[in-house]
Amino acid sequence: MKQMRVLSLAATAALTVSLLAGCGGSETANTPAPGSSDAPSGGSSAATIKIGGIGPLTGSAAVYGVATQQGAQLAVDEINAKGGLQFELNFQDDENDAEKATNAYNVLQDWGMQVLYGCTTTNPCVAVASSTYADRYFQLTPSASSTDVTSGKDNAFQICFTDPNQGSTAADYIAEHPELGSKIAIIYNNGDAYSTGIATAFRAEAEAKGLEVVSETTFPSDDNTDFSVQLGDAQSNGADLVFMPIYYTPASLILNQAKNMGYAPTFFGCDGMDGILAVEGFDTSLADGLVLMTAFNPWGTDDLSANFTKSYEEKYGSTPNQFAADGYDCIYAIAAACEKAGVTADMSHEDVCEALISTFTASDFSVDGLTGAGMTWGTNGEVSKAPVVVKVEDAKYVTME
């Protein structure tokens, strides 16, 4: 089992590797409003490295896209304010739709993109990654966790945990903490690659660890609103832990409907559930006791987390979630790699791509960030870092051992 890491980075940890000391520039324009495709911000386009971003700024998955956009823009602003390499971020809305993500990619190509930051969600990212591979754009996604994103593509990298990693790690953690529950139900979205990938890996590892799975039910879409059948099956089979590798929208409905049924097992989720506390109209008390795996705790007391949370709240007026931290780390990783590889604003995207692939996979390249210390990448594009498990208490995350 991958050891769980307490979410407290040393106060001396820098978000960048030492080679980043020279990155930065002047204060830049504000991020366009969610859903906007206004002019990009982050410096003068004539002398900047152009980073294109894609994610849902509107629609049911907007919490993820807005967070990744804002976290990334905060990083761009910080780096540019230091002088040195300058970066420009143009973030396009894909509404969590693969076809619209492809359209956004085409817009960014016309703009002169040199690096792609995205996509935010899995299905759009899988679609776009095929194009970036063929066209030779370096791609780093903050949160599209399916192995389909990177499989067979030397140019695509992830800063998030992969689906199999989350599934197997969750099963290992539950096996080592029997107090969470001994009879397990699995509820997942069988129409979504993210949800299905984690559920498949969890099921396999649960069997290997001798865990008892008493119920396994699915639903076809995140638009689903009635979970009485799934919850009823779990309850009737005596499940005292419900594993839900799903996004926050259906999770919020499940928690509400479980309460109305008088059903109170331990609910256990993964990183896609991060953001549930910010769902409009959601009673956050329903999430008390919810356990989930994430990579960032905005209530962490280490200097790195505390300073990021403070800056984010001052700029955007809300508490950052893991996806904002993922976006922030992505930009710093790209900047560090550009500095190390000698990337300049006048290079073609093909040359930038080859330079960044070589740097990201180099044995001497690592990044200390909000979502992991000493992050490194393999030639398969997967990041190496340790997840943490948190429990929701009074609408805040508390790190579990």
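Everything below is about the structure printed above this text.
All residue numbers here refer to positions counted from 1 along the written sequence of the relevant chain. It should be noted that, the model being predicted, local features are given only for residues of pLDDT at least 70 and side-chain atom pairs only at 80 or more, the latter also being counted only at that level, while totals for whole chains, interfaces and linings use all residues. Side-chain numbers come from the whole structure's heavy atoms, not from hydrogens or water.

A.B. asks: Explain the pairing of strand β8 (residues 241–244) to me, using residue names and the numbers behind them.
C.D. replies: Three exposure classes are used, based on accessible area relative to the maximum for each residue type with a 1.4 Å probe and protein chains only: buried under 20%, partly exposed in between, and exposed over 50%. Only DSSP runs of H or I with at least four residues qualify as helices, and only runs of E with at least two residues qualify as strands; both kinds are numbered from the N terminus onward. Neither face of β8 is left uncovered, since the one carrying Leu241 and Phe243 and the one carrying Val242 and Met244 both have all their residues buried. Taken together, the three bridges between strand β6 (residues 183–189) and β8 define a ladder with parallel strand orientation. Pairing of Ile184 across the sheet is with Leu241, part of β8. For two strands to pair, DSSP has to find at least two bridges joining them. Where β8 and strand β9 (residues 266–269) come together, four bridges link them in parallel fashion. For Met244, the partnering residue across the bridge sits in β9 and is Gly269. A crossover links β8 with its parallel partner β9, the connecting element being helix α7 (residues 248–261), and its sense is right-handed. Handedness of a crossover is defined as follows: orient the strands so they point away from the viewer, and if the path from the first strand over the helix to the second runs clockwise, the crossover is right-handed.

A.B. asks: Could you give an account of the sheet that holds β6, naming the residues involved and the relevant values?
C.D. replies: Read across the sheet, seven strands follow the order β7-β6-β8-β9-β10-β14-β15 without closing on themselves; strand pairing throughout is mixed. This sheet does not close on itself; its edge strands, each paired only once, are β7 (212–219) and β15 (396–399). On average, adjacent strands in this sheet sit at an angle of 25° to one another, irrespective of strand direction. Bridge count between strand β14 (residues 388–393) and β15: four bridges; the pairing is antiparallel. Note on definitions: angles span 0 to 180 degrees between N-to-C directions of axes, and those axes are lines fitted to C-alpha atoms, for helices only across the stretch in contact.

A.B. asks: Could you give me a rundown of the packing of helix α2 (residues 98–111) against helix α3 (residues 122–135), with the residues and numbers involved?
C.D. replies: Remark: α2 packs on α3, axes separated minimally by 8 Å, with the N-to-C direction vectors making an angle of 35°. As α2 runs across α3, the sense of the crossing is right-handed. Contacts between α2 and α3 involve Ala98, Ala101, Thr102, Tyr105 and Gln109 from the former and Asn123, Pro124, Ala127, Val128, Ser131, Thr132 and Asp135 from the latter. Taken together, the residues that form the contact of α2 with α3 break down as six nonpolar, five polar and one charged. Crossing chirality is assigned from the near helix's rotation relative to the far helix, an anticlockwise turn below a right angle marking it left-handed and a clockwise turn marking it right-handed. Note on definitions: a residue-residue contact is assigned when non-hydrogen atoms from the two residues lie within 4.5 Å. Only Asp, Glu, Lys and Arg are considered charged, only Ala, Val, Leu, Ile, Met, Phe, Trp, Tyr, Cys and Pro nonpolar, and every remaining residue, Gly among them, polar.

A.B. asks: Kindly report on the sheet that holds strand β12 (residues 372–377), identifying the contributing residues and their values.
C.D. replies: Read from one edge to the other, the open sheet built from three strands follows the order β11-β12-β13, with strand pairing classed as antiparallel. Two strands bound the open sheet, and with one partner strand each, they are β11 (367–369) and β13 (383–384). The pairing of β12 with β13 spans two bridges and is antiparallel. Bridging across to β13, Trp377 finds its partner in Val383.

Everything listed here is a matter of coordinates, which is why it stays silent on function.
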